[in-house]
Amino acid sequence: MSLALAPANRLPASPISAAEQALRIDLAAAYRLAARQGWDDLIYTHITARVPGEDGAFLINPFGLRFDEITASSLVKINIHGQIYGDADVEVNAIGFRIHATVHAARHDAHCVMHLHNVNAIAVSAQRDGLLPVSQHAMRFYEQIAYHDYEGLSLTEPESQRMLESLGKHQALLLRNHGSLICGRSVAE
């Protein structure tokens, strides 16, 4: 089974607007910051951002690059139907695409979506009761986090829809024994 999504039909590249270029720079910086903090998982996690003014289009990391290798120009523009813009010979992670496309399609407030397998989120997500409100730091997230039971690799539409139902209107989702998914109104958020 290949984890790469290499769409057969690509869309023509469009000129990169000033807003998209600024987004590309911010998103590449977020990848580099996540790598610096040790939040990356080689090539298997993703941060995406909705392209301003282009309905259904978002930016994602190309399959095979580590977070510390991502640049503004290496980000891939793809739409929620899996069509990559431009003729560059790039692929994206099929599971990452499915997760992010599902959230971007359903949550118009989620301009940036971050899915990580960082150690702290996995440890908390593995606890039966999740994040307990036992400190001032944890209280900040009281009733702000949703949970989703791990079902294996998210390759199917039904699994993605169940994950979306678990997320509901929350900005954060802990995927049990798996990691975290965070939605923001911007890359900075």
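Every chain is numbered on its own, with residues counted from 1 as its sequence reads. Selection of residues for local features in this predicted model requires a pLDDT of at least 70, selection of side-chain atom pairs for listing and counting requires 80 or more, and totals for whole chains, interfaces and linings are taken over all residues. Side-chain metrics in this entry use all non-hydrogen atoms of the structure; hydrogen atoms and water are not considered.

**Examining the environment of Arg107**
Line of reasoning, step 1. Within the element layout of this structure, Arg107 appears in the loop between α2 (94-106) and β6 (112-116).
Line of reasoning, step 2. Using a relative accessible area of 8% as the deciding quantity, one classes Arg107 as buried.
Line of reasoning, step 3. Along the backbone, Arg107 and Glu157 are 50 residues apart, and their C-alpha atoms lie at a distance of 16 Å.
Line of reasoning, step 4. Dropping the residues within four chain positions of it, Arg107 is found in contact with Arg50, Leu164, Leu167, Gly168, Lys169, His170 and Gln171.
Line of reasoning, step 5. Here a polar contact means two N or O atoms within 3.5 Å. Within protein one must be a hydrogen donor candidate and the other an acceptor candidate, and residues neighboring in sequence count only if both atoms are side-chain atoms. A distance of 2.9 Å separates the side chain of Arg107 from the side chain of Asp109, its partner in a polar contact.
Line of reasoning, step 6. Among the polar contacts made by the side chain of Arg107, one reaches the main-chain carbonyl oxygen of Gly168 at a distance of 2.8 Å. Only DSSP runs of H or I with at least four residues qualify as helices, and only runs of E with at least two residues qualify as strands; both kinds are numbered from the N terminus onward. Relative accessibility under 20% of the residue-type maximum defines a buried residue, over 50% an exposed one, and the middle range a partly exposed one, all with a 1.4 Å probe and only protein chains included. The contact criterion used is simple: two residues touch if any of their non-hydrogen atoms lie within 4.5 Å.

**Quick word on the packing of aromatic side chains**
Line of reasoning, step 1. We call Phe, Tyr and Trp rings a pair once their centres come within 6.5 Å, taking the six-membered ring for Trp, and we label the pair stacked below 30 degrees between planes, edge-to-face above 60, and tilted otherwise. Applying the stated criterion across every chain yields a total of two aromatic pairs.
Line of reasoning, step 2. For the pair Tyr31 and Phe67, a centre-to-centre distance of 4.7 Å together with 85° between the ring planes defines the contact as edge-to-face. Here the residue Tyr31 occupies a position in helix α1 (residues 18-37), and Phe67 occupies one in the loop between β3 (57-60) and β4 (76-79), the gap between them amounting to 36 residues.
Line of reasoning, step 3. Judged by relative accessible area, which is 0%, Phe67 ranks as buried.
Line of reasoning, step 4. On the basis of an interplanar angle of 15° and a centroid distance of 6.4 Å, the ring pair of Phe58 and Phe97 is categorised as stacked. Within this pair, whereas Phe58 is found in strand β3, its partner Phe97 is found in helix α2, the two being separated by 39 residues in sequence.
Line of reasoning, step 5. Judged by relative accessible area, Phe97 falls into the buried class, the value being 8%.
Line of reasoning, step 6. Ring-over charges, as used throughout, are those where CZ of Arg or NZ of Lys falls within 6 Å of the ring centre and within 35 degrees of the ring normal. Above the plane of the ring of Tyr85 lies Lys77, whose end atom (NZ or CZ) is 5.3 Å from the centre.

**A word on unusual backbone geometry**
Line of reasoning, step 1. At Leu42, a residue that is not glycine, the phi angle is positive and equals roughly 55°.
Line of reasoning, step 2. Along the chain, the position of Leu42 falls in the loop between α1 and β2 (46-50).
Line of reasoning, step 3. On the basis of relative accessibility, which here comes to 55%, the residue Leu42 falls in the exposed class.
Line of reasoning, step 4. One non-glycine residue, Asn177, lies in positive phi territory at about 55°.
Line of reasoning, step 5. Tracing the backbone through its elements, the reader meets Asn177 in the loop between β8 (172-175) and β9 (179-184).

**Remarks on the packing of α2 against helix α5 (residues 157-167)**
Line of reasoning, step 1. Interaxial angles span 0 to 180 degrees and are taken between N-to-C directions of axes, which are lines fitted to C-alpha atoms, for helices over the stretch in contact. In the contact formed by α2 and α5, the axes pass within 10 Å of each other and the chain directions differ by 50°. Here α2 is positioned oblique relative to α5, judged by the angle of their axes. Seen from above, α2 lies across α5 with right-handed handedness. Counted together, Arg98, Ile99, Thr102, Val103 and Ala106 of α2 and Glu157, Ser160, Gln161, Met163, Leu164 and Leu167 of α5 form the full contact between these two elements.
Line of reasoning, step 2. Taken together, the residues that form the contact of α2 with α5 break down as six nonpolar, three polar and two charged. Under this scheme an angle from 65 to 115 degrees is roughly perpendicular, one under 35 degrees roughly parallel, and one over 145 degrees roughly antiparallel; angles in between are oblique. Crossing handedness follows the turn of the near helix against the far one: under a right angle anticlockwise gives a left-handed crossing, and clockwise gives a right-handed one. Classes in brief: Ala, Val, Leu, Ile, Met, Phe, Trp, Tyr, Cys and Pro nonpolar; Asp, Glu, Lys and Arg charged; the others, Gly included, polar.

These values are about where atoms sit, not about what they do.
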